Amino acid sequence: MTKDLKDEFWSQLKDVRAGLLTADGERPVPMSPQGDAEGKAIWFITARGSAADRGARSGGEATFYIADSKAHLYANVFGTLEAVNDSEKLDELWNAFAAAWFENGREDAAVQLVKFTPREAEVWSGDGGVSFLYEIAKANLAGDTPDAGEHGRVVF
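Description of the structure in this document. Along every chain, residues carry numbers that run from 1 in the direction the sequence is written. Given that the model is predicted, a residue must reach a pLDDT of at least 70 before its local features are reported, and side-chain atom pairs must reach 80 or more before they are shown or counted; all residues, however, enter totals for whole chains, interfaces and linings. Side-chain calculation: all heavy atoms of the structure are included, whereas hydrogens and water are not.

Here the focus is the pattern of salt bridges. Oppositely charged side chains can form a pair if their charged atoms are brought close together. Only one rule defines a salt bridge in this text: a Lys or Arg side-chain nitrogen within 4 Å of an Asp or Glu carboxyl oxygen. This structure, assessed with the given rule, holds seven salt bridges. A salt bridge links Arg106 to Asp91; the nearest nitrogen and oxygen atoms lie 2.8 Å apart. In this pair, Arg106 sits in the loop between helix H4 (96-99) and strand S7 (111-125) while Asp91 sits in helix H3 (residues 87-93), placing the two residues 15 residues apart along the sequence. Partly exposed describes any residue whose relative accessible area lies between the buried limit of under 20% and the exposed limit of over 50%, with all areas from a 1.4 Å probe on protein chains only and scaled to the type maximum. Looking at Arg106, the relative accessible area reads 18%, which means it is buried. Working definition: helices are DSSP H or I runs of at least four residues, strands are E runs of at least two. Numbering for both runs from the N terminus.

A few words now on the nonpolar core. A general trend in soluble globular proteins is that nonpolar side chains are found buried together. Residue types Ala, Val, Leu, Ile, Met, Phe, Trp, Tyr and Cys, when buried and joined through side-chain atoms within 4.5 Å, form a set referred to as a nonpolar core. In terms of nonpolar packing, the biggest core is built from 28 residues, with Phe9, Ile66, Val77 and Phe116 touching the most fellow members. Of all the secondary-structure elements, those providing two or more residues to this core are helix H1 (5-13), strand S1 (19-23), strand S2 (29-31), strand S4 (41-47), helix H2 (51-58), strand S5 (61-68), strand S6 (73-84) and S7. Not counting the four nearest positions on each side in its chain, Val77 is found in contact with Phe9, Ala62, Thr63, Phe64, Ile66, Phe116, Pro118, Glu120, Ala121 and Phe156. In this structure, Ala41, Trp43, Val84 and Val111 belong to the second largest nonpolar core, which totals ten residues. Note on contacts: a residue pair is in contact if any heavy atoms of the two residues lie within 4.5 Å.

Another aspect to go through is the packing of aromatic side chains. Working definition: an aromatic ring pair is given by the centre-to-centre distance plus the angle between the planes. Classification of ring pairs uses Phe, Tyr and Trp, with its six-membered ring standing for Trp, and accepts pairs whose centres are within 6.5 Å; under 30 degrees between planes counts as stacked, over 60 as edge-to-face, and the remaining range as tilted. Counted under the stated rule, the structure contains five aromatic pairs. Between the aromatic rings of Trp10 and Phe156, the centroid separation amounts to 5.7 Å while the plane-to-plane angle is 75 degrees, which identifies the pairing as edge-to-face. Within this pair, whereas Trp10 is found in helix H1, its partner Phe156 is found in the segment after strand S8 (150-155), the two being separated by 146 residues in sequence. Phe156 shares its class with Trp10; the two are buried. Centroid distance Phe44 to Phe64: 5.1 Å. Interplanar angle 65 degrees. Geometry classified as edge-to-face. In this pair, Phe44 is assigned in strand S4 and Phe64 in strand S5, connecting sequence segments 20 residues apart.

Bear in mind that shape data such as this cannot, by itself, settle questions of function.
Here it is in structure tokens:
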């Protein structure tokens, strides 16, 4: 396989339902990412006062961990978090998943938009499905290791 791992990352991130986000000593918390390849950002909608919000307000280093077998993406993504007050961007990103967490929906005073700017990542990306099962069977028969996809370091 010779795919551009950065492109694969952004493409497969669209299918990721959740990962763990941590920043500045805060505990890792599950968050639903919304990737923006053009803007080189991963957006999160969180609540004011949450661990993600506190980490974003400190402006410090953050890590987003992805382990999503359905999206065929595994990654440790390193970068920075910042709290953003951009009503247009929030409107663009707002969805039913976010709405479920806020009693007053989009207009809830607790809604906070957080921008994660990735700097670098270690990424494992595969095709999954039948091709992965084939690789496992082939490796067992040949006494070899399977080709599980692409793996490497990505600089954003």
